[in-house]
Amino acid sequence: MASDTNLTAIQAAAPADTGEKTVFKILLTISFCHLLNDTIQSLMPPIYPLLQKTFHFNYWQVGRIALTSQLTASILQPLVGLYTDRRPKPYSLAVGMGITMIGLLAFSMAPTYGTILAAAAMVGIGSAVFHPESSRIARLASGGQHGMAQSLFQVGGNAGSALGPLLAWAFITGQSSIAWFSLLALFAIVLLTNIGTWFRNHPMHLPKQLTPDPGRVAALEPAPRHEVLAPKKVAFALAVLVALMFSKFFYLASLMNYYTFYLMGKFHLTLQNAQLHLFLFLAAVAAGTFIGGPVGDKIGRKYVIWCSILGILPFTLVLPYSNLFWTSILSVIIGFTLASAFSAILVYAQELMPGRIGMVSGLFFGLAFGLGGIGAALLGKLADLTSINYVYHVCAFLPAIGILTAFLPNLEPAKPKTPAHQPSNA
């Protein structure tokens with residue numbers, strides 16, 4: 001078990017250890033594939049009003065569609081990451097995208113609520129494979145610039161999330177028209193197959209049967225970037241990060257899944273105009289995503305987390321009382337600021353557990369999907385019992401949870417230690 005952990009740590013740190021340069025071709029390709037993947041994922045919320053009208057769904061049923069896809073991804077992602085930490089699968093990304101394509105085609109033809117849920121689960125399974133493995137590829141190609149690589153990777157996903165509603169507004173006229181978007185998945189499969197070949201041929205893709213000599217492992221292991229934390233402190237820090245993720249993704253769930261309903265109900269917009277406002281919000285999320293990683297590389301992840309979550313509290317408190325113009329402006333500010341949090345949280349968690357990159361990535365991407373799905377379902381139920389407007393009054397206080405950032409340890413570079421056996425110069 002110890003040798004497995006050490007081998008994983010060597011693989012995780014390998015790019016920096018070997019002096020390898022950042023492979024921007026791979027980073028840009030995996031970011032573009034993230035764009036394609038999340039474009040497909042984000043097609044669902046904009047067509048919820050269409051499904052509601054066609055099948056006469058209530059808000060609770062709409063929320064359960066999002067819950068099925070996102071909770072499936074949430075449960076499976078850490079398991080996929082844990083498995084591939086030990087047994088890397090270079091072509092698993094292409095396989096996962098194939099599952100997404102099947103789910104997308106099934107979604108376009110589903111005749112009943114049950115089959116819609118099954119198709120949503122297929123899309124969730126595809127994402128469960130995609131996110132932890134693509135995050136690993138981004139880190140492997142980073143050349144040590146982990147925050148920058150994760151932000152570049154994330155900005156592709158957020159750009160795809162913004163494009164989805166816009167493409168839905170332009171091209172989706174009915175349920176069957178979703179099938180055309182399977183061509184995006186097919187294109188992504190081709191690109192991901194090429195990335196799999198790069199990963200397979202990468203010098204750090206060590207054979208799983210390799211058992212390194214313990215002395216060589218000790219010599220190769222890099223010095224930690226920060227003082228080693230006790231397991232209890234690591235567990236506590238992870239618990240704080242989970243609470244911050246809850247705040248971020250429950251609030252995002254209120255905007256991503258119900259913003260169109262909110263705008264249509266409060267300001268009497270048409271569906272098409274409401275989708276354009278959703279596009280503006282998601283475009284702001286995409287624009288803000290790249291900030292968190294590079295800034296975190298320079299000033300520290302903790303400061304980025306402070307500003308991105310707690311910093312939006314004044315804006316969320318004002319939003320429910322604003323007119324249409326200021327609602328649009330505030331949603332853009334909130335999306336831009338809040339978007340910087342995830343890259344900082346993910347890289348912070350990877351630094352807490354550097355030998356478990358796949359598992360940590362899968363866990364936090366899984367939380368992102370799971371919390372978003374649970375939030376969509378619970379907020380939908382709350383909207384049924386009260387109103388969409390009341391949902392935004394309640395969610396306005398969620399960013400206050402950002403105060404918990406004060407309890408995160410500072411992951412400062414560790415001071416070099418003098419070996420105990422080294423003789424004194426005296």
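Reading the values: the criteria
Residues numbered from 1 in each chain as written. Predicted model: local features only at pLDDT ≥ 70, side-chain atom pairs only at ≥ 80, totals over all residues. Heavy atoms only, no water. Helix = DSSP H or I, 4+ residues; strand = E, 2+ residues; numbered from the N terminus. Contact = heavy atoms within 4.5 Å. Areas by Shrake-Rupley, 256 points an atom, 1.4 Å probe, with all protein chains shown as cover. Salt bridge = Lys/Arg side-chain N within 4 Å of Asp/Glu carboxyl O. Buried < 20%, exposed > 50% of the residue type's maximum accessible area, 1.4 Å probe, protein only. Core = buried A, V, L, I, M, F, W, Y, C linked by side-chain atoms within 4.5 Å. Expected span 1.5 Å × (residues − 1). Patch = residues over 30% accessible without salt bridge, like charges linked within 9 Å, V, L, I, M, F, W, Y side chains within 5 Å.

**Quick word on the overall build of the protein**
Within the protein one finds 17 helices and zero strands. For the protein, restricting intrachain contacts to residue pairs at least 6 apart in sequence, the fraction spanning at least 24 positions comes to 86%. Total accessible area on the protein is roughly 18100 Å²; 69% of this is exposed by carbon and sulfur atoms.

**With respect to the side chain of S134**
Inspection of the secondary structure puts S134 in helix 6 (residues 113–140). Here S134 is in contact with I30, L93 and F153, once residues within four sequence places are set aside.

**Re the pattern of salt bridges**
The full count for this structure, using the stated rule, is one salt bridge. One salt bridge in this structure joins R136 and E133, with 3.2 Å as the shortest N-O distance. Of this pair, R136 and E133 both sit in helix 6, three residues apart, roughly one helical turn. One exposure class covers both R136 and E133, and it is buried.

**Concerning the nonpolar core**
By size, the foremost hydrophobic cluster in this structure holds 106 residues, and its most contacted members are I65, F107, L192, L241, M245, I345 and F364. Here this core takes 19 residues from helix 10 (residues 231–267), the largest share from any one element. Here F364 is in contact with L238, L241, M245, F342, I345, L346 and A349, once residues within four sequence places are set aside.

**Digging into helix 8 (residues 182–201)**
Counted at 1.5 Å a residue, the expected span for helix 8 with its 20 residues is 28 Å, and the 29 Å between its end C-alpha atoms agrees. Inspection of helix 8 places S182, A185, A188, I189, L191, L192, I195, G196 and F199 among the buried residues, and these make up the whole buried set. Those residues of helix 8 that are buried lie in contact with helix 2 (24–41), helix 5 (92–109) and helix 6.

**So, a nonpolar patch on the surface**
A grouping of I291, V295, I299, Y303 and F336 is seen on the molecular surface, where their side chains present a nonpolar patch of about 440 Å² in accessible area. At three residues, helix 11 (residues 271–299) tops the list of elements feeding residues into the nonpolar patch. Along the chain, F336 falls in helix 14 (residues 324–338).

**Concerning the environment of A396**
Following the sequence through the fold, A396 ends up in the segment after helix 17 (388–395). Each residue touching A396, except ones within four places of it in the same chain, is listed here: Y251, L313, T316 and L317.

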